[in-house]
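Architecture at a glance
The chain contents come next:
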Amino acid sequence: MKLVHTIDDLRAALASHASPAFVPTMGNLHEGHLNLVRTARPLGDVTVASIFVNRLQFAPHEDFDTYPRTLEADCAKLAEVGCDIVFAPAEKDLYPEPQVFKVQPPAELADILEGHFRPGFFTGVCTVVMKLFQCVFARSTAQGYAVFGKKDYQQQMIIRRMVEQFAMPVTIVGEETRRAADGLALSSRNGYLSETERAEAVQLSLTLRDLARDALAAGGALPEHRAGLEQRAMDALRARGWAPDYMTVRRRLDLQPPTAADAVAPQSLVVLGAARLGKTRLIDNFEI
Ligand code: PAF
């Protein structure tokens, strides 16, 4: 496995490859990330992972400075799952001047849910993903692939739209969320949880499952009942000491509130939640 730090070195390493399969990450890798690499491997003619903690997607009060940087351990894990190239740029390698050109996703996709609680987050994500795609795919002559975890459901949906709208030669592949034995979605931020919080953390997914069950039971009457069901899910978490940002039922396509027709169409809904447990903010979702 080759470790490269600059865009020039990455492009040189990719020069003889026509169809890279790419997994962008911020490092501190867990089994969920490694699974993305396993999915990527058979798709292209070379497998690339990036490790870059992207300042642009963190608000000033968020955990950019303390986000774990574990390059050596990450590289060992990536080598084990057969990654060919790791691109780990320093900030000056990826953003040599302040990155003032940015990708602005549309408000109706990016200012709701995560974007409502983390203003500017998706501008930061789209900007770095666009730039990473330029580094990885600009020289490829065939279709490339990029694999994203469905845990960041809105992120994946927005990146799909970005790729379509900019006619980028990249197929976005969504990978199912990996979970711990008790059902907690794997996340780099799980490492922030105390032992007691870790035992409690599974309640986010359990409460989302209850919301999913109630939404399906409502059927075509979901639009009338949705607000009440969501409130009940938020209250259930609050009663256990959580501070929920949202617990919601949306249609998969664009994460807008479902109509009665959406509610009865097969495979059209997703439940999504974000909530803070102590100092740690967790997100999760289930397609229903
Ligand atoms: O999902 C992540 O880890 C990040 O948002 C990404 C896609 C690597 C961009 O920094």
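To start, this report covers the structure provided alongside it. Given the structure is predicted, the values throughout are model-derived calculations rather than measurements.

Here we look at the site of the ligand
In the region of the ligand, the neighbouring residues are Pro24, Thr25, Met26, Asn54, Gln57, Val125, Val128, Phe148, Asp152 and Gln155. In the environment of the ligand, an oxygen atom lies 2.7 Å from a nitrogen or oxygen atom belonging to the side chain of glutamine 57. With respect to the ligand, the side chain of glutamine 155 contributes an N or O atom lying 2.7 Å from an oxygen atom. Those elements that provide at least two residues to the shell around the ligand are strand E2 (20–25) and helix H7 (121–137). Of the residues belonging to the shell around the ligand, the class tally is 5 nonpolar, 4 polar and 1 charged.

Notes on the packing of aromatic side chains
Taken as a whole and judged by the stated rule, the model has 9 aromatic pairs. Note on phenylalanine 22 and phenylalanine 133: the rings are 6.1 Å apart at their centroids and 70° apart in plane angle, and the pair reads as edge-to-face. Of the two residues, phenylalanine 22 is situated in strand E2 and phenylalanine 133 in helix H7; the sequence distance between them amounts to 111 residues. With respect to class, phenylalanine 22 is no different from phenylalanine 133; both count as buried.

So, the pairing of strand E9 (residues 280–287)
Taken across its 8 residues, E9 has 7 buried, putting it largely inside the fold. Across 8 bridges, strand E8 (residues 269–277) lies against E9 in antiparallel orientation. Residue pairing for E9: alanine 274 is matched across the bridge by isoleucine 283. In sequence, E8 turns back onto E9 through a hairpin of 2 residues, with glycine 278 there showing a positive phi of about 60°.

Considerations on the pattern of salt bridges
Pairing between side chains of opposite charge can happen when the charged atoms of each approach one another. The full count for this structure, using the stated rule, is 21 salt bridges. With a shortest N-O distance of 2.8 Å, arginine 240 and glutamate 200 are connected by a salt bridge. Within this pair, whereas arginine 240 is found in the loop between helix H11 (222–239) and strand E7 (243–251), its partner glutamate 200 is found in helix H9 (residues 195–201), the two being separated by 40 residues in sequence. A relative accessible area of 15% means that glutamate 200 is categorised as buried. Taking the shortest distance from any N to any O, the salt bridge between arginine 213 and aspartate 210 comes out at 3.3 Å. Highlighted residues: arginine 213 and aspartate 210, both in helix H10 (residues 203–218), separated by 3 residues, approximately one helical turn. On the basis of relative accessible area, aspartate 210 is assigned to the partly exposed category, the value being 37%. When salt bridges that share partners are traced, they join Lys150, Glu176, Arg252 and Glu287 into one network.

Thoughts on helix H3 (residues 71–80)
Within H3 the residues assigned to the buried category are Asp74, Cys75 and Leu78. All buried residues of H3 lie within an arc of 100° about the axis, which places them on one face of the element. Across H3 from its buried face, at more than 90 degrees, point the exposed residues Glu72 and Glu80. One or two steps after H3, the chain reaches glycine 82, where phi turns positive at roughly 85°.

What to know about unusual backbone geometry
Even without glycine at this site, alanine 167 takes up a positive phi of about 45°. Relative to the helices and strands, alanine 167 is located in the loop between helix H8 (153–165) and strand E6 (170–175). The backbone of glutamine 267 sits at a positive phi, close to 50°, despite the residue not being glycine. Residue position: glutamine 267 is located in the loop between helix H12 (260–264) and E8. Taking relative accessible area as the criterion, glutamine 267 reaches 66% and is therefore assigned exposed.

Observations concerning the environment of phenylalanine 166
Examined against the element boundaries, phenylalanine 166 turns out to sit in the loop between H8 and E6. A C-alpha to C-alpha distance of 40 Å links phenylalanine 166 and alanine 181, two positions 15 residues apart in sequence.

Reading the values: the criteria
Residues numbered from 1 in each chain as written. Predicted model: local features only at pLDDT ≥ 70, side-chain atom pairs only at ≥ 80, totals over all residues. Heavy atoms only, no water. Near = heavy atom within 4 Å. Polar contact = N/O pair within 3.5 Å; in protein donor to acceptor, adjacent residues only side chain to side chain. Helix = DSSP H or I, 4+ residues; strand = E, 2+ residues; numbered from the N terminus. Nonpolar A, V, L, I, M, F, W, Y, C, P; charged D, E, K, R; others polar. Phe/Tyr/Trp six-rings, centres within 6.5 Å; stacked < 30°, edge-to-face > 60°. Buried < 20%, exposed > 50% of the residue type's maximum accessible area, 1.4 Å probe, protein only. Pairing = 2+ DSSP bridges. Salt bridge = Lys/Arg side-chain N within 4 Å of Asp/Glu carboxyl O. Arc of directions from axis to C-beta.

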